[in-house]
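Listed below are the residues making up each chain.
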Protein chains: 2
Amino acid sequence: MKTYAELSKSELEELEKKLLEKYAKVQEQGMKLDMSRGKPSTAQLDLSVTMLDMVNSGSDFMSNDGTDCRNYGILDGIPEAKQMMADVFECPADQVIVYGTSSLNIMYDTVSRSYTHGVMGNTPWCKLDSVKFLCPVPGYDRHFGITEFFGIEMINVPMTEEGPDMDMVEELVASDEAIKGIWCVPKYQNPTGISYSAETVHRFANLKPAAKDFRIYWDNAYAIHHLYEDKDMQDQIPNILDECEAAGNPDLVYQFASTSKITFPGAGIAAFSASKANLEDVKKQMKFQTIGHDKLNQLRHRRFFGDHDGLMAHMMKHAEIMRPKFELVEQSLRTGLGDLGIATWTAPKGGYFISLDVLDGCAKRVVALCKDAGMILTGAGATYPYGKDPRDCNIRIAPSYPTIEELGEACKVLVLCVKLASVEKLLADK
Amino acid sequence: MKTYAELSKSELEELEKKLLEKYAKVQEQGMKLDMSRGKPSTAQLDLSVTMLDMVNSGSDFMSNDGTDCRNYGILDGIPEAKQMMADVFECPADQVIVYGTSSLNIMYDTVSRSYTHGVMGNTPWCKLDSVKFLCPVPGYDRHFGITEFFGIEMINVPMTEEGPDMDMVEELVASDEAIKGIWCVPKYQNPTGISYSAETVHRFANLKPAAKDFRIYWDNAYAIHHLYEDKDMQDQIPNILDECEAAGNPDLVYQFASTSKITFPGAGIAAFSASKANLEDVKKQMKFQTIGHDKLNQLRHRRFFGDHDGLMAHMMKHAEIMRPKFELVEQSLRTGLGDLGIATWTAPKGGYFISLDVLDGCAKRVVALCKDAGMILTGAGATYPYGKDPRDCNIRIAPSYPTIEELGEACKVLVLCVKLASVEKLLADK
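Residues numbered from 1 in each chain as written. Chains lettered and ligands numbered in written order. Predicted model: local features only at pLDDT ≥ 70, side-chain atom pairs only at ≥ 80, totals over all residues. Heavy atoms only, no water.

Participant: For this particular structure, what's the right way to read the overall build of chain A?
Facilitator: The helix and strand tally for chain A stands at 13 helices and 13 strands. Over its C-alpha atoms chain A spans a radius of gyration of 23 Å, differing by no more than 12% from the 22 Å that the globule rule assigns to 430 residues. For chain A, the C-alpha atoms occupy an extent of roughly 75 × 55 × 35 Å along the three principal directions. Out of the 430 residues in chain A, the part that is buried amounts to 62%. Put simply, 77% of the contacts in chain A that link residues at least 6 apart link residues at least 24 apart. Surface exposure of chain A reaches about 15900 Å², of which carbon and sulfur atoms provide 49%. (Helix = DSSP H or I, 4+ residues; strand = E, 2+ residues; numbered from the N terminus. Rg over C-alpha atoms; globule rule 2.2 N^0.38 Å. Buried < 20%, exposed > 50% of the residue type's maximum accessible area, 1.4 Å probe, protein only. Contact = heavy atoms within 4.5 Å. Areas by Shrake-Rupley, 256 points an atom, 1.4 Å probe, with all protein chains shown as cover.)

Below, the structure is given as C-alpha cells:
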C-alpha cells in the first residue's frame, strides 16, 4: 500500500473525489457530537451517586477533630479529607490544603497571589518588568489561559517521550531570572498521555533556577487515572515532593489535584500540596480570602471512599468505562490511517486524552471539516500558548464523553477528515 | 441612682472592691465560652439538614436548562440558583453570578481582580501609587483585612443612625481619584445592626466619584435576616441596583450575599449581583479561574427552599432562635448598665451583632477581663481598620452561638466586666 505522499497528482485527485463523496454522506447524517473537552461520561458520573447519601439529614456532621462540618472554620480542610488527598499525592497530610471544587481555581489563585504579593517574600510579579513561564507543548489550554491573562510571556518547550525537553528546561531556568514557573502535567499528560520518566522527575527536582521564586506547577490531574488494573500497565512516576526534598530543593514545587474526574467535575474537591514553608506562605493569603471551603463535601468524599484502597477500587470502575474508548480510538486510527504516512498519535495508558499529529498545516482544516460534519473537537492550536500551534499539526482527542457507539462513528468521521485534509494539502503542494 | 461619673473616689473604691469580689467568684466558676464570631448555633444548623436529602443517589441531577449538575459547565450558576439569589437581591436573575461557598472569597477576588487587571479597562490598581478605600466604622474586620492585605489605605468614616456619614463620603469620593471603593453592610450592619436609611441609599446611588473605577462594595450579608415576623419590625432599604440605575450610575455598585447564615456557613452558596456591564467584566476574568462552582450544592439549595416564600419562611425559623438571644442581651445590658452612664449599645432588629460602646479607653480592658473569666469576645479594635479603635470604646457582641442559658451567664459576666473596667478608668482619672 502506498503512503499518500507517494500518490501521483491524478491519484490524489481521484482519492479526493471519493473522500468528498463520503464526506457529503456523513454531512447528510446530521451528526451532533461535542468532543471538545475531557468530560466524564454519564456512566462515570453514575459511579459516584451514592456518595451523595453519605451526608444526609440522619448523619452526624463531625469531622475526626470534632468540628461540626456545617459551621464555620477549618481553613485548610478537615483532617480526613487532607489524608485522602495526601494518599493521592503520596505525601503526609500536613503537606496538603483542601480547597473547593476546582484545582484550576487553585492554580489561578497561586499565579494571582504571586502576582500581587510575591512568593515567600520575593518581589510581587506585578512589580517586575518581565515574568515568563515555560510551557511544555502540546499542553493544557487552561494552563496557558491563566498565564496569558496575567501577561506572562510563555515559552514553548517541546514534549519528548519522557516529558519536557529537560536540556532546554535546565538551561532556560538557570539563565533567566524572569522565568518563574513551568506548567507540568507529569502523569498521563494533557494531551499526549505521556508520563514523565524517573529521570525527568529527578532532573526537575534538581533544577537550579536563577529565580528564587521559580516554582514547578505540578498539575497531577491524572495521578490515579489508569486505564488498566495490571500494575505493569500503569505508569508510575517518582514522588516530586520527595525528590525535591532529597535534592535540597524542598520548596521548588507546587502540586495540584482534584476529584473532578474521580467523583463529579461539577461538585468535587480540589487540593494543593507542597513543602510546609510553601503552605505557610499560601495560608498567609488564604486566611484573608475565606473562612473555609465546603467541609460537608469533604466529609461526603471521605466517607464514600473509606480509605485509599476504596478510592483505587473506584478508579478501576472508571477504567472499565474508559479503557474500551481509548482502545477503540487507537484501533480506529491504526486501521484508518496506519499505513498512510499522514498522521501519528499517542496510545496512553491513562488520563483523558489522545494526541493526534497530522501533516503540518492540516490541524485547523481537520477540525473545521469535523465541525462541518457535526463533530466538535478541541480547537486546533488550543494545545499551544496563545492558541498558536506553529506547525498547525496537533489535535487533542477527548474520548471520554461520547458513548462507545458515538465514539465509533466519531472516529470514522475523524479518519475521513484527516484523509481529506491531507489530500487537499498534498494537492496544493504539487 | 447616681451615674458612675457622679461617684466620689471613695464610693468608686468601695464599688471596685465589691466588683472584684464578684469577679473572683466568676473566675472560680471556670466558664468557657467563645463569642468571638457570628457563628450560627447548632439549633440553627439543624434547621437545614433536610436540604442534604434533596440531592441523593435517587435524584435526577438536571438543572432547569437541562445541564447535568454533576458534570463540568455553567460558569455563573444554574438558572434556578441564580433566581433564588436574585430574589434575595431583589434583582433580575441575569444580574447574578452564583459562586462557591464564601461571599468573602468573592469580595477578595473582586479586590484582587481590580488590583491585577483593573475595573472595566481602567488602570490595574497595582500600577497606581495610591489606592484608598472608605471604611464605615465600626465595621466588619474581614472587610478591612482584605484591603489591608492589598496595601490599600483605609479611611475611617463614622457610622450614624442612618448609615455612614454621607457628607463625608460624598466629599471624599468626589475629591480624591485614589478612592476606589467603600465597604458597606447596608442592612443590620456588622457590628451595629443599623440599617441604612432610604436617604443614605439614595445618596450612595447618586455619588459622583472622581475615580471612574470607584465601586460601592455592598455586602448585603443580612438582607433577609430579620428577628421579627411583623413587617413593621423589619428593616427595609431601597434596592441599590435600582437606585443606581435610576441615578444614571448603573455600574456604581457590586453586591454580595451568601447562604452562610441561611443554610450552612461551612457548605452554603455565595452570590454576586451588579449591572450587566460589571458582570461581563467579572466573567472575563472568571473564565480563566474556573470552569464552574459546585452545581449540586446549588441544586440542593434551590430544591430545599422551593421558592422565595419557602426561603422567607425558613428565615423565620432562624428568627425564632435568634430573637430571644438579642432580647436577652438588650434586657441584660439595660438592667445591668442602663442608668450608670458607662455604656451605650444598639438594639438591632436583625443581623448577627450588637455593638456596645463603653467609656473611652475601656474596650480592651473589658475584653481582657472577660477573657480572664473564660469568655472570648471579638478582639477590641477588630471593628476598625488596622485593628485600631481610636477611642478604644467599641465591643462587638455576637449572641448567636451560645445557648440561651450560656448567653444569660455571659451577659452577667460582660456587665460585671464593663462595670469593673469603668470604675478602674474613673479612679485612674481622679
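There is more to say, and it comes next.
Participant: How should I be thinking about the relation of the copies chain A and chain B in this particular structure?
Facilitator: Each of the two copies of the chain can be brought onto the other by a rotation about an axis and a shift along it. Rotating chain A by 180° about the axis while translating it 0.0 Å along that axis superimposes it on chain B, leaving an RMSD of 0.1 Å. As the rotation angle and translation indicate, the two copies are arranged about a two-fold axis. Mapped onto chain B, 100% of the interface residues of chain A are again interface residues, and the two copies thus contact each other with one and the same surface. (Least-squares fit on C-alpha atoms with pLDDT ≥ 70 in both.)

Participant: Before we go on, may I ask you to explain empty space enclosed by the protein in this structure?
Facilitator: Counted according to the given criterion, the structure contains 8 cavities of 30 Å³ or more. Counted as a void, the largest cavity has a volume near 380 Å³. In terms of lining, the largest cavity is formed by 30 residues, of which the most central are G100, N105 and H293 of chain A together with G100 and H293 of chain B. For the lining of the largest cavity, the secondary-structure elements that each account for two or more residues are helix 4 (103-117) of chain A together with helix 4 (103-117) of chain B. Among the residues making up the lining of the largest cavity, the classes are represented as 6 nonpolar, 20 polar and 4 charged. Roughly 80 Å³ of volume is contained in the second largest cavity. For the second largest cavity, the lining is made up of 13 residues, of which Y108, D109 and S112 of chain A together with D109 and S112 of chain B are closest to its centre. Put simply, the parts of the chain that give the lining of the second largest cavity at least two residues each are helix 4 and helix 9 (276-289) of chain A together with helix 4 and helix 9 (276-289) of chain B. The element that contributes the greatest number of residues to the lining of the second largest cavity is helix 4 of chain A, accounting for 5 residues. In terms of residue class, the lining of the second largest cavity is made up of 2 nonpolar, 7 polar and 4 charged. (1 Å grid on protein atoms, 1.4 Å probe; cavity = no way out; pocket = protein on both sides within 12 Å on 5 of 7 lines; lining within 4 Å. Points joined across faces, edges and corners; volume = space filled by probe spheres on them. Nonpolar A, V, L, I, M, F, W, Y, C, P; charged D, E, K, R; others polar.)

Participant: Looking at this structure, I do not really get the sheet that holds strand 13 (residues 394-397) of chain A. What am I missing?
Facilitator: Across a sheet, paired strands are connected by hydrogen bonds in the backbone, their directions being either parallel or antiparallel. All names here are of chain A. Strand order in the open sheet made by the 3 strands is 10-11-13, with antiparallel pairing throughout. If you trace the sheet from one side to the other, it starts and ends with strand 10 (343-345) and strand 13, each paired once. Neighbouring strand axes in the sheet, compared pairwise and without regard to direction, differ in orientation by 25° on average. Pairing of strand 10 with strand 11 (residues 354-358), which is carried by 3 bridges, proceeds in the antiparallel orientation. Residue pairing for strand 11: T344 is matched across the bridge by D357. Contacting strand 10, strand 11 and strand 13, helix 11 (residues 308-337) runs over the sheet at an angle of about 160° to strand 10. Helix 12 (residues 363-372) rests against strand 11 and strand 13 of the sheet, and its axis sits at about 40° to strand 13. (Pairing = 2+ DSSP bridges. Axes fitted to C-alpha atoms, helices over the stretch in contact; angles between N-to-C directions.)

Participant: It is not clear to me how the side chain of S197 of chain B should be interpreted in this structure. Could you clarify?
Facilitator: By the element assignment, S197 of chain B lies in the loop between strand 6 (179-184) and helix 7 (198-205). Side chain to side chain, S197 of chain B and T200 of chain B meet in a polar contact 2.9 Å long. (Polar contact = N/O pair within 3.5 Å; in protein donor to acceptor, adjacent residues only side chain to side chain.)

Participant: Looking at this structure, how should I read the pattern of salt bridges?
Facilitator: Pairs can form between side chains of opposite charge whenever their charged atoms are close. Residues and elements named next belong to chain B. A complete count under the given rule lists 37 salt bridges over all chains for this structure. The partner of K276 in a salt bridge is D94, with the nearest N and O atoms 3.1 Å apart. Highlighted residues: K276 in helix 9 and D94 in the loop between helix 3 (79-89) and strand 2 (96-98), separated in sequence by 182 residues. Judged by its relative accessible area of 48%, K276 is partly exposed. Assessed through its relative accessible area of 42%, D94 is described here as partly exposed. Across the pair D176 and K132 runs a salt bridge, and its minimum N-O distance is 2.7 Å. Separated by 44 residues along the polypeptide, D176 in the loop between helix 6 (166-175) and strand 6 and K132 in strand 3 (residues 132-137) bring together distant segments of the chain. The buried category is assigned to D176, whose relative accessible area is 18%. If you follow the salt bridges from partner to partner, you end up with D76, K82, E280 and K283 in one network. (Salt bridge = Lys/Arg side-chain N within 4 Å of Asp/Glu carboxyl O.)

Participant: Explanation requested: the packing of aromatic side chains in the structure shown.
Facilitator: Any aromatic ring pair is given by two values, namely how distant the centres are and how the planes are angled relative to each other. All names here are of chain A. In total, this model carries 36 aromatic pairs over all chains according to the counting rule given. Summarising the aromatic geometry, the rings of Y254 and F272 are spaced 5.4 Å apart at their centres and angled 45° between planes, so their arrangement reads as tilted. Of this pair, Y254 sits in strand 8 (residues 253-258) while F272 sits in strand 9 (residues 270-273), placing them 18 residues apart in sequence. Residue Y254 is classed as buried on the basis of its relative accessible area of 1%. A relative accessible area of 0% places F272 in the buried class. An aromatic cluster is present here, built from W125, F133, W183, Y217, Y254, F256 and F272 joined pairwise through their rings. (Phe/Tyr/Trp six-rings, centres within 6.5 Å; stacked < 30°, edge-to-face > 60°.)

Participant: How should I be thinking about the interface of chain A and chain B in this particular structure?
Facilitator: Accessible area lost when the parts come together is the quantity often used to give the size of an interface. Taken residue by residue, the interface counts 58 residues in chain A and 58 residues in chain B. A per-residue breakdown of the area chain A buries against chain B is headed by R70, Y72 and F288 of chain A, which together make up 16% of the total. A salt bridge links R70 of chain B to D46 of chain A, with the shortest nitrogen-to-oxygen separation between them at 2.7 Å. Between the two partners, chain A and chain B, sit 23 residue pairs in polar contact (both at pLDDT 80 or more). Elements that contribute at least two residues to the side of chain A that touches chain B include exactly helix 2 (42-46), helix 4, helix 5 (141-149), helix 9 and helix 10 (295-305) of chain A. (Buried area = accessible area lost by both parts, 1.4 Å probe.)

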